[in-house]
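Topology and contacts: notes
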Amino acid sequence: MNRTVIRGGLVVTAAEELHADVLIEGEKVVALASYGSAAAESWTAEKVLDARGLYVIPGGVDAHTHMELPFGGTFASDTFETGTRAAAWGGTTTIVDFAVQSVGSSLREGLDAWHEKAQGNCAIDYGFHMILADVTEHSLAEMDLLVAEGVTSFKLFMAYPGVFYSDDGKILRAMQRGADNGGLIMMHAENGIAIDVLVEQALAAGRTDPRYHGEVRRELLEAEATHRAVKLAQVAGAPLYVVHVSAASAVAEIAAARRQGLDVFGETCPQYLFLSTDNLAEPGFEGAKYVCSTPLRPREHQAELWKALRTGDLQVVSTDHCPFCFSGQKELGRGDFSKIPNGLPGVENRMDLLHQAVVEGRISRRRWIDIACATPARMFGLYPRKGTIAPGADADVVLYDPAARQTISAETHHMNVDYSAYEGKEITGKVRTVLSRGTVVIDGDAYLGRAGHGRYQPRATCQYLA
């Protein structure tokens, strides 16, 4: 069995930091020992990686991506091959993507279609959530079958009437089923019915520029939907995970629910932490690059999001990676902001941006690993296989240079999209080496991985629930 030793790095997990060597056999971590100790010095291996001066961290777990997602008459521009390769370049070694049920079709048909897209194409490991777009007695029964085979989370939408939208009755039924079978309900919390009225009124008044996307999807309509989702979950006796939280008032709803002892969780995304409505208002049609839902908020919301990440009222940072090229895709919405495909690229940037937050003193090193690796793994039933460096864990390990300087740019990123949402941003910290299940897939400026290395990961139920 191939053995690899990582020597001399600072091992950082959500639980601890220690100068230690890491021994890998095959695809698994088998031991850690203090750097320079007799135990560590006794290890022999075919491959020795020098990590002196580097952090040795678990591979990132991005629990919210949309590769090849059909949306607004087009498709997300990253395939499972290009998207997972870009993720690896950014230090992420596991994604959980969203399989989509189409209205009138079964959950099984949707899941099978996504397996077909991903199988043999992924550079890193992957799992699936299920988008539940058509709540019927049949699809509710299918939820039980999917949970049993490792698809243990289901996303519903309070937004997008006529596409993904579910009314409160359907949401309640799905939550009740989740309470019984252990499935975690993930909620896109925006009042889509009210938003559609505001969209219609804005367009009728000639307000067609990208910035109006943010104005019609009002903060209060995210807060109202979040509150309603919490109460429906409370009625159902079900846990709730609110995706892509962007607004301070929505954070307050989640925090209030958690103070009541409810199993309510929330994620935010780098775009809400680093971008704002200033980007949506960029001149010409440039703001279209930043159209996503929930939308970017005024800059003052960022402080509340960072605070919630420090206090634990928000637990996870995922990307909601859903890229559309500016040329030919975002441009579908010229003259009508409602036709701009919703989504931003970011799967390659998340670990670096969050390390920049460490550099700036917003979060600690261990909290960085907690919100980007350990907690998403626990939330979605992958821990301790993923999200940590410990004996028995998969050898998904990143050697990270905390002092390297880089400038984020579309010219150098590996995502299949023609712009960067963070173009020109200078950051400190960069991935040096990435191992996926013990195999080096990134080494400096070289990609050594391959399509098909990534393996499908069935998941247990949420590990935060009794």
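The following paragraphs examine the structure supplied in this document. If you're wondering where the values come from, they're calculated on a predicted model, not measured in any experiment. (Residues numbered from 1 in each chain as written. Predicted model: local features only at pLDDT ≥ 70, side-chain atom pairs only at ≥ 80, totals over all residues. Heavy atoms only, no water.)

**Some words on the sheet that holds strand β6 (residues 60-65)**
Across the sheet, which stays open at both edges, the eight strands sit in the order β6-β9-β10-β11-β12-β13-β14-β15 with parallel pairing between neighbours. The open sheet has two edge strands, β6 and β15 (316-317), and neither has a second partner. Looking at chain direction, strand β10 (residues 125-131) and strand β11 (residues 153-157) are connected through two bridges and run parallel. Looking across to β11, one finds that methionine 130 is bridged to phenylalanine 154. Contacting β9 (92-100) and β10, helix α2 (residues 80-89) runs over the sheet at an angle of about 150° to β9. Along the sheet, helix α13 (residues 350-359) makes contact with β6, β9 and β15, crossing β6 at roughly 115°. (Pairing = 2+ DSSP bridges. Helix = DSSP H or I, 4+ residues; strand = E, 2+ residues; numbered from the N terminus. Contact = heavy atoms within 4.5 Å. Axes fitted to C-alpha atoms, helices over the stretch in contact; angles between N-to-C directions.)

**Points about the state of the cysteines**
By definition, a disulfide links two cysteine residues through a covalent bond between their sulfur atoms. A full pass over the atoms with the stated rule returns zero disulfides. Looking at cysteine 325, it has no disulfide partner, and the nearest cysteine sulfur is the one in cysteine 322, 12 Å off. We classify cysteine 325 as buried; its relative accessible area is 16%. (Disulfide = S-S within 2.5 Å. Buried < 20%, exposed > 50% of the residue type's maximum accessible area, 1.4 Å probe, protein only.)

**Description of the packing of aromatic side chains**
Per the stated rule, a full pass over the model turns up 15 aromatic pairs. Between phenylalanine 265 and tyrosine 464 the ring centres are 6.0 Å apart and the planes differ by 50°, which places this aromatic pair in the tilted class. Taken together, the positions of phenylalanine 265 in strand β14 (residues 264-268) and tyrosine 464 in the segment after β19 (446-447) put the pair 199 residues apart, joining distant regions of the chain. With relative accessibility at 5%, the residue phenylalanine 265 sits in the buried group. By way of ring pairs, the aromatic residues Phe71, Phe157, Tyr160, Phe164 and Phe324 are connected into one cluster. Across the ring face of tyrosine 447, the terminal group of arginine 85 is positioned such that the distance to the ring centre comes to 5.9 Å. Sitting over the face of the ring of tryptophan 114, lysine 117 holds its NZ or CZ atom 4.4 Å from the ring centroid. (Phe/Tyr/Trp six-rings, centres within 6.5 Å; stacked < 30°, edge-to-face > 60°. Lys NZ or Arg CZ within 6 Å of the ring centre and 35° of its normal.)

**Re the nonpolar core**
Across soluble globular proteins, nonpolar side chains show a tendency to be buried alongside one another. Ile57, Met175, Met187, Leu240, Tyr241 and Trp368 are the most contacted members of the largest nonpolar core, which totals 131 residues. Examining the composition of this core, we find that seven residues originate from one element, helix α8 (residues 219-236), more than from any other. Apart from the residues lying within four places of it in its own chain, the contact partners of methionine 175 are Ile185, Met187, Ala229, Leu232, Ala233, Ala236, Ala238 and Leu240. (Core = buried A, V, L, I, M, F, W, Y, C linked by side-chain atoms within 4.5 Å.)

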